[in-house]
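One letter stands for each residue in the lines below.
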Amino acid sequence: RRWWDGGAFHDELYPFLGLLSGGHAELARNIPYYRLATLPKAVQRARGRGALYPWSATEDGEERDPHGHWYTERFHLGQFAASVWWLWLYEQDLIELQDLYPILREVARYFELEMIEVAPDGKIRTKRCTDFDESVGQVSGGPMTMGAAVFSLERAAEAARRLGKERDRARRWERLAHKLRDSLPIDRTERRYAIPDGKHLHYSIVGMVFPFAVDVG
């Protein structure tokens, strides 16, 4: 394969986890610190309303792929938040968490300010966008996107509490995440997660279990 022409792709989460689980934290941390270095570009791309990182980025954080339906993907933002959070869990370094907190903060702000809508049943969900399964096009409340939103909001809130920052905003993030959890697309009869908008089943439904660990049982 072409290795995405050497760009920074959101699949970085998986080598990050491999490095971290192999005891190579000094290498793994380069990945979230790259996202910290390019955060200003992501904030500018979101017009100041959080951070919108490209689906595939150059070294300085610019979009590098031709236009396509993947431009509307948003679950990758949660993957970047996950790298920050798992580095914190591994190292338990509050100074490092403080360094990287701006990523958690701006990703959470983006989900809060740009990605939430009210569904016909009165619950909230993520807006129509391309989820992990690109073949079905845009869906409302896509499983990977919902998982990413809940994870990002909850982890940003917890990081804020640990750092003694933005208590009111952290409480708002927690309330929003709780409402989103109540809207996770679950087929109670089949006892499984489902693809919304009448789309066919796809393994993106595991996103709420891995990598985002927001499974409701």
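Residues numbered from 1 in each chain as written. Predicted model: local features only at pLDDT ≥ 70, side-chain atom pairs only at ≥ 80, totals over all residues. Heavy atoms only, no water.

Looking at the overall build of the chain
Then comes step 1: Scanning the chain for helices and strands turns up eight helices and eight strands.
Then comes step 2: In terms of C-alpha radius of gyration, the chain reaches 17 Å, essentially the compact-globule figure of 17 Å for 217 residues.
Then comes step 3: For the chain, the spread of C-alpha atoms along the three principal axes comes to 45 × 45 × 35 Å.
Then comes step 4: Every one of the 217 residues in the chain was classed for burial, and the buried ones make up 52%.
Then comes step 5: Taking as baseline every contact in the chain between residues at least 6 positions apart, the subset at least 24 positions apart corresponds to 62%.
Then comes step 6: Taken as a whole, the chain presents about 10400 Å² of accessible surface, with 52% of it coming from carbon and sulfur. (Helix = DSSP H or I, 4+ residues; strand = E, 2+ residues; numbered from the N terminus. Rg over C-alpha atoms; globule rule 2.2 N^0.38 Å. Buried < 20%, exposed > 50% of the residue type's maximum accessible area, 1.4 Å probe, protein only. Contact = heavy atoms within 4.5 Å. Areas by Shrake-Rupley, 256 points an atom, 1.4 Å probe, with all protein chains shown as cover.)

Brief notes about a nonpolar patch on the surface
Then comes step 1: Judged by side-chain polarity, Y14, V209 and F210 come together as a nonpolar surface patch covering roughly 270 Å² of accessible area.
Then comes step 2: Assignment of secondary structure puts Y14 in helix α1 (residues 13–21).
Then comes step 3: You can call Y14 partly exposed: its relative accessible area is 34%. (Patch = residues over 30% accessible without salt bridge, like charges linked within 9 Å, V, L, I, M, F, W, Y side chains within 5 Å. Salt bridge = Lys/Arg side-chain N within 4 Å of Asp/Glu carboxyl O.)

Regarding the packing of α1 against helix α5 (residues 75–91)
Then comes step 1: Running from N to C, α1 and α5 cross one another at 10 degrees; their axes reach a closest spacing of 10 Å. As far as their axial angle goes, α5 and α1 are roughly parallel. Where α1 approaches α5, its residues L13, Y14, F16, L17 and L20 are matched on the opposing element by Q79, A82, S83, W86, L87 and Y90.
Then comes step 2: Looking at side-chain class alone, the contact of α1 with α5 contains nine nonpolar, two polar and no charged residues. (Axes fitted to C-alpha atoms, helices over the stretch in contact; angles between N-to-C directions. Parallel < 35°, antiparallel > 145°, perpendicular 65-115°, else oblique. Nonpolar A, V, L, I, M, F, W, Y, C, P; charged D, E, K, R; others polar.)

With respect to the packing of α5 against helix α7 (residues 143–163)
Then comes step 1: For the pair α5 and α7, the least separation of the axes is 8 Å and the interaxial angle reads 35 degrees. Remark: the crossing between α5 and α7 carries left-handed chirality. In this structure, α5 contributes F75, L77, G78, A81, A82, W85 and W88 to the contact, and α7 contributes M144, T145, A148, F151, S152, R155, E158, A159 and R162.
Then comes step 2: For the contact of α5 with α7, a count of residues per class yields 10 nonpolar, three polar and three charged. (Left-handed = near helix turned anticlockwise from the far one by under 90°.)

Notes on the packing of aromatic side chains
Both the distance between ring centres and the angle between the ring planes are used here to describe each pair of aromatic rings.
Then comes step 1: Applying the stated rule across the entire model yields five aromatic pairs.
Then comes step 2: A ring pair is formed by F151 and F212, whose centres lie 5.9 Å apart and whose planes are at 50 degrees; its orientation type is tilted. A residue pair is termed long-range when its members are at least 10 positions apart, and F151 in helix α7 and F212 in the segment after β8 (192–193) qualify at 61 residues.
Then comes step 3: A residue is classified by how much of its surface remains accessible, and F212, at 0% relative accessible area, is buried.
Then comes step 4: The rings of W86, F151 and F212 are connected pair by pair, giving a single aromatic cluster. (Phe/Tyr/Trp six-rings, centres within 6.5 Å; stacked < 30°, edge-to-face > 60°.)

Points about the confidence of the model for the chain
Then comes step 1: Model confidence for the chain is summarised by a mean pLDDT of 88, while 92% of its residues fall at 70 or above.
Then comes step 2: At the level of individual helices and strands, the chain shows its lowest average pLDDT in strand β1 (residues 8–9), which scores 61, and its highest in helix α6 (residues 94–114), which scores 98. (pLDDT = per-residue confidence, 0-100.)

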